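Descriptive analysis of the structure
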Amino acid sequence: MPSIDLTGKAAVVTGSGRGLGLAYAHALAARGASVVVNDVDEAVADAAVKSITEAGGTAVAEVVPVGTTEAAERLVNRAVEEFGRLDILVTNAGILRDKVLWKMTDDDFDAVITTHLKGTFTCARAAAVRMREQGEGGTLILVGSPAGQRGNFGQTNYAAAKAGIAAMARTWSMELGRANITVNAIVPVAATAMTETIPAFAPYIEALKNGQPFPDFLRKGEGFGTPEDCAALVPFLASEAARGITGQAIGIGGDKVALWSHPQEIAAAYADGGWTPDTLADVWPTSVGAALQSVGIPAPKFPEA
Ligand SMILES: NC(=O)c1ccc[n+]([C@@H]2O[C@H](COP(=O)([O-])OP(=O)(O)OC[C@H]3O[C@@H](n4cnc5c(N)ncnc54)[C@H](O)[C@@H]3O)[C@@H](O)[C@H]2O)c1
């Protein structure tokens, strides 16, 4: 079994003061990487650094809201100033502003797009510039979501941002392949501040806080567990063992790791000289119309009472 060792590598993890980002930062530090912890919340960023240091790791905090070019450059520069290099970037920072389309304001839309989509773009661009200068490859781990893969009721802004992030991972994996920089989107599912309000999961998250582990149907069936369950994927993708993995969307959660398909044509029909509205109406039901796709995240399958 290969042993994952990231000694000598430097990482930036955005939004790593709590939740999944904190688990990623701990997992990277536990395998020897030095970590720039980033958050908007200074108290949680400082606490994260303290907990990583107490566990024997190396970390510093850089408190800045990701989204702008200036913030991205501050994060990359901090890694270079403190650790002399940058090898790993995890663009994890995120917020929700859920509303149905007809109630969503411009501010709701812009806030989510700025943090997730523009934050990922600006941080990845700054990291790619630095990693290409170093000439030793690197790892970009972007953070997608089931909502971005499938669509989700009430999440226009978030689904758009996360679908865009998966698209950027595919695009950048092509652009950065020659520089030996891998780019993947991970699709985590875990109990955090972001998900504890989902009514179906709330009782189990409450029970977990009281020391009761998640039942198997959640950990295996739904792939739903703790942030720590998702964290193993990050040092793995940053390691030598994963140099050949790029341009993928990889699901992780509970006891499950999964590979998502990419969008592709699944049915086609042809009309000599092109289609008319009438020929489309005629042929549709028996051709491509027979392969219509479902949308949305499947509802949790609870065991029979
Ligand atoms: N929890 C899940 O099941 C789940 C599922 C799919 C995707 N995700 C994604 O994983 C990431 C982490 O989610 P989480 O559940 O840990 O959320 P969380 O709310 O627990 O943590 C997010 C952290 O990001 C920080 N943050 C917010 N805006 C920021 C900004 N502009 N700059 C820097 N930091 C900022 C917050 O202060 C917070 O500490 C997000 O991108 C989220 O969309 C989570």
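For the structure given in this document, a descriptive report is provided here. If you're wondering where the values come from, they're calculated on a predicted model, not measured in any experiment.

So, on to the overall build of the protein chain. Tallying secondary structure elements over the protein chain gives 11 helices and eight strands in all. The C-alpha radius of gyration of the protein chain comes to 21 Å, within 12% of the 19 Å expected for a compact globule of 305 residues. Reported as C-alpha extents along the three principal axes, the dimensions of the protein chain are approximately 65 × 50 × 45 Å. Considering only residue pairs separated by 6 or more positions, the protein chain has 69% of its internal contacts joining residues 24 or more positions apart. When the accessible surface of the protein chain is totalled, it reaches about 15,600 Å², and 55% of it is carbon and sulfur. The centroid of the 24 positive side-chain charges in the protein chain is displaced by 3 Å from the centroid of its 33 negative side-chain charges.

Taken together, 29 residues sit near the ligand, with Leu20, Asp39, Asn92, Tyr158 and Thr192 positioned nearest. Asp39 is positioned with one of its side-chain polar atoms (N or O) 2.6 Å from an oxygen atom of the ligand. In the environment of the ligand, an oxygen atom lies 2.8 Å from a nitrogen or oxygen atom belonging to the backbone of Asn92. Surface burial for the ligand is 93%, taken as the share of its 840 Å² of free accessible area covered by protein chains. Elements with a minimum of two residues in the shell around the ligand: α1 (19-30), β2 (34-39), α4 (106-134) and α6 (156-175). Classifying every residue of the shell around the ligand gives 15 nonpolar, 11 polar and three charged.

Position of His116 relative to the elements: it lies in helix α4. Of note is the side chain of His116, whose polar atom sits 2.9 Å from the backbone oxygen of Ile95. Discounting residues that sit within four places of it in the chain, His116 has contacts with Ala93, Gly94, Ile95, Tyr158, Ala161, Lys162 and Ile165.

Bringing the pairing of strand β5 (residues 138-143) into the picture now. In terms of burial, β5 is largely enclosed, as six of its six residues are buried. Here β5 shows no split at all, with Gly138, Leu140 and Leu142 on one side and Thr139, Ile141 and Val143 on the other all buried. When strand β4 (residues 88-91) meets β5, the two strands line up parallel, connected through four bridges. The residue bridging Leu89 from the neighbouring strand is Leu140, located in β5. Taken together, β4, α4 and β5 constitute a β-α-β crossover, and its handedness is right-handed. Direction of pairing for β5 relative to strand β6 (residues 181-188): parallel, over a ladder of six bridges. Among the inter-strand pairings, Thr139 is bridged to a residue of β6, identified as Thr182.

So, on to the pattern of salt bridges. Summed over all chains, the structure comprises 13 salt bridges. Each of Asp216, Arg219, Lys220, Asp229 and Asp255 takes part in salt bridges that share partners, so that together they form one network.

Here we take up the pairing of β6. By the criterion of burial, β6 is predominantly enclosed, with eight of the eight residues buried. Residue alternation in β6 divides its side chains into two sets, Ile181, Val183, Ala185 and Val187 and Thr182, Asn184, Ile186 and Pro188, and both sets are buried. With four bridges joining them, β6 and strand β7 (residues 249-253) adopt parallel strand pairing. Looking across to β7, one finds that Val187 is bridged to Gly251.

Time to look at the packing of α4 against α6. Look at α4 against α6: their axes get within 8 Å of each other, and the N-to-C directions meet at 15°. Classed by the angle they form, the pair α4 and α6 counts as roughly parallel. Every pair of crossing elements has a handedness; the one defined by α4 and α6 is right-handed. Taking contact as the criterion, the partners of Asp108, Phe109, Val112, Ile113, His116, Leu117, Thr120, Phe121 and Ala124 in α4 are, on α6, Thr156, Asn157, Tyr158, Ala160, Ala161, Lys162, Gly164, Ile165, Met168 and Trp172. A class-by-class count of the residues in the contact of α4 with α6 yields 12 nonpolar, five polar and two charged.

Unlike most non-glycine residues, Asn180 shows phi in positive territory, near 60°. Among the secondary structure elements, Asn180 is positioned in the loop between α6 and β6.

This part covers the environment of Asp39. Turning to its location among the elements, Asp39 is positioned in strand β2. Take Asp39: its relative accessible area is 7%, and that puts it in the buried class. For the pair formed by Asp39 and Ala61, sequence separation is 22 residues and the distance between their alpha carbons is 8.0 Å. Side-chain polar atoms of Asp39 contact the backbone nitrogen of Asp41, separated by 3.1 Å.

Calculation rules
Residues numbered from 1 in each chain as written. Predicted model: local features only at pLDDT ≥ 70, side-chain atom pairs only at ≥ 80, totals over all residues. Heavy atoms only, no water. Helix = DSSP H or I, 4+ residues; strand = E, 2+ residues; numbered from the N terminus. Rg over C-alpha atoms; globule rule 2.2 N^0.38 Å. Contact = heavy atoms within 4.5 Å. Areas by Shrake-Rupley, 256 points an atom, 1.4 Å probe, with all protein chains shown as cover. Lys, Arg positive; Asp, Glu negative; His and termini not counted. Charge placed at Lys NZ, Arg CZ, Asp CG, Glu CD. Near = heavy atom within 4 Å. Polar contact = N/O pair within 3.5 Å; in protein donor to acceptor, adjacent residues only side chain to side chain. Nonpolar A, V, L, I, M, F, W, Y, C, P; charged D, E, K, R; others polar. Buried < 20%, exposed > 50% of the residue type's maximum accessible area, 1.4 Å probe, protein only. Pairing = 2+ DSSP bridges. Right-handed = clockwise from strand over helix to strand, strands pointing away. Salt bridge = Lys/Arg side-chain N within 4 Å of Asp/Glu carboxyl O. Axes fitted to C-alpha atoms, helices over the stretch in contact; angles between N-to-C directions. Parallel < 35°, antiparallel > 145°, perpendicular 65-115°, else oblique. Left-handed = near helix turned anticlockwise from the far one by under 90°.

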